[in-house]
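A closer look at the structure
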Amino acid sequence: MRLSCIKLVFMGIIRKTKSVAAVLQIFEEQEDAQSVVHLIELLKDEMNRTTVYRILDRFEKDGIIHSFNGKDGLRWYAKCHGCDSNHHVDAHPHFQCTECDKVECLSLEIEIPQVKNHKIDSTDILLMGQCEACRH
Ligand SMILES: [Zn+2]
Ligand SMILES: [Zn+2]
Ligand SMILES: [Zn+2]
């Protein structure tokens, strides 16, 4: 489902439609991941941080965005591709640049190891180094 279609679906569910649209717009315009601190800063004139958290949580549950931990345990969010409600198919690693702090989703397949007597639900792999721009 495209993001613009999802927008319509959400209008009925979340009452604060303007806030929802504002958060959604950020992810429509940006392919790069966004940290929660940055999102709160971007949206501070339009809504409080509780609302930002609530919308992000909702979007994550509905397969619009996924979250992961970056450097220093900071939470990052990025657009999903091909996920739906309660079923995320994007088990990919993430990359964080140690110089400019840019975070990217890496479209690499990673094999989740089978662990005896354990059920693995998710994975959170963060690779760090210098991004393309910082290397040159
Ligand atoms: Zn996803
Ligand atoms: Zn960089
Ligand atoms: Zn990602």
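What counts, and where the lines are drawn
Residues numbered from 1 in each chain as written. Chains lettered and ligands numbered in written order. Predicted model: local features only at pLDDT ≥ 70, side-chain atom pairs only at ≥ 80, totals over all residues. Heavy atoms only, no water. Donors = N, O, S within 2.8 Å, 3.2 Å for Na, K, Ca; no water. Tetrahedral: all angles 85-135°; square planar, octahedral: opposite > 155°, others 65-115°. Buried < 20%, exposed > 50% of the residue type's maximum accessible area, 1.4 Å probe, protein only. Helix = DSSP H or I, 4+ residues; strand = E, 2+ residues; numbered from the N terminus. Contact = heavy atoms within 4.5 Å. Expected span 1.5 Å × (residues − 1). Axes fitted to C-alpha atoms, helices over the stretch in contact; angles between N-to-C directions. Parallel < 35°, antiparallel > 145°, perpendicular 65-115°, else oblique. Left-handed = near helix turned anticlockwise from the far one by under 90°. Nonpolar A, V, L, I, M, F, W, Y, C, P; charged D, E, K, R; others polar. Salt bridge = Lys/Arg side-chain N within 4 Å of Asp/Glu carboxyl O.

The name given to the protein chain in an unreviewed UniProt entry is Fur family ferric uptake transcriptional regulator, with Winogradskyella arenosi as the source organism.

For the zinc ion (ligand 3), every protein donor is listed as His66 (NE2), His92 (NE2), His94 (NE2) and Cys105 (SG), and the spread of their distances is 2.0 to 2.2 Å. Every donor counted, the four donor atoms about the zinc ion (ligand 3) form angles of 102 to 116° at the centre, which fits tetrahedral coordination. Residue Cys105 is classed as partly exposed on the basis of its relative accessible area of 29%.

A few words on the environment of Cys105. Tracing the backbone shows Cys105 in strand 5 (residues 103–105). A sequence separation of 25 residues divides Cys105 from Cys80, and the C-alpha atoms of the two residues are 9.7 Å apart. In this structure Cys105 touches His66, Ala78, His92, Pro93 and His94, once residues within four positions along its chain are discounted.

With 13 residues, helix 2 (residues 17–29) extends 18 Å from end C-alpha to end C-alpha; this agrees with the ideal 18 Å at 1.5 Å per step. Along helix 2, the residues that are buried comprise Ser19, Val20, Ala22, Val23, Leu24, Ile26 and Phe27.

Quick look at the packing of helix 2 against helix 3 (residues 36–43) now. Running from amino to carboxyl end, helix 2 crosses helix 3 at an angle of 125°, the nearest separation of the two axes being 11 Å. It follows that helix 2 is oblique to helix 3 by the angle criterion. You can see that helix 2 and helix 3 cross each other, and the crossing is right-handed. Of the residues in helix 3, those touching helix 2 at Ala22, Val23, Ile26 and Phe27 are Leu39, Leu42 and Leu43. Of the residues assigned to the contact of helix 2 with helix 3, the class counts are seven nonpolar, no polar and no charged.

Turning our eyes to something else, we now look at the pattern of salt bridges. In the structure shown here, the tally under the stated rule is six salt bridges. In this structure, Lys61 engages Asp57 in a salt bridge whose closest nitrogen and oxygen atoms are separated by 2.9 Å. Of this pair, Lys61 and Asp57 both sit in helix 4 (residues 49–61), separated by four residues, roughly a single helical turn. For Lys61, a relative accessible area of 45% corresponds to the partly exposed category. Look at Asp57 and you get partly exposed, because its relative accessible area is 37%.

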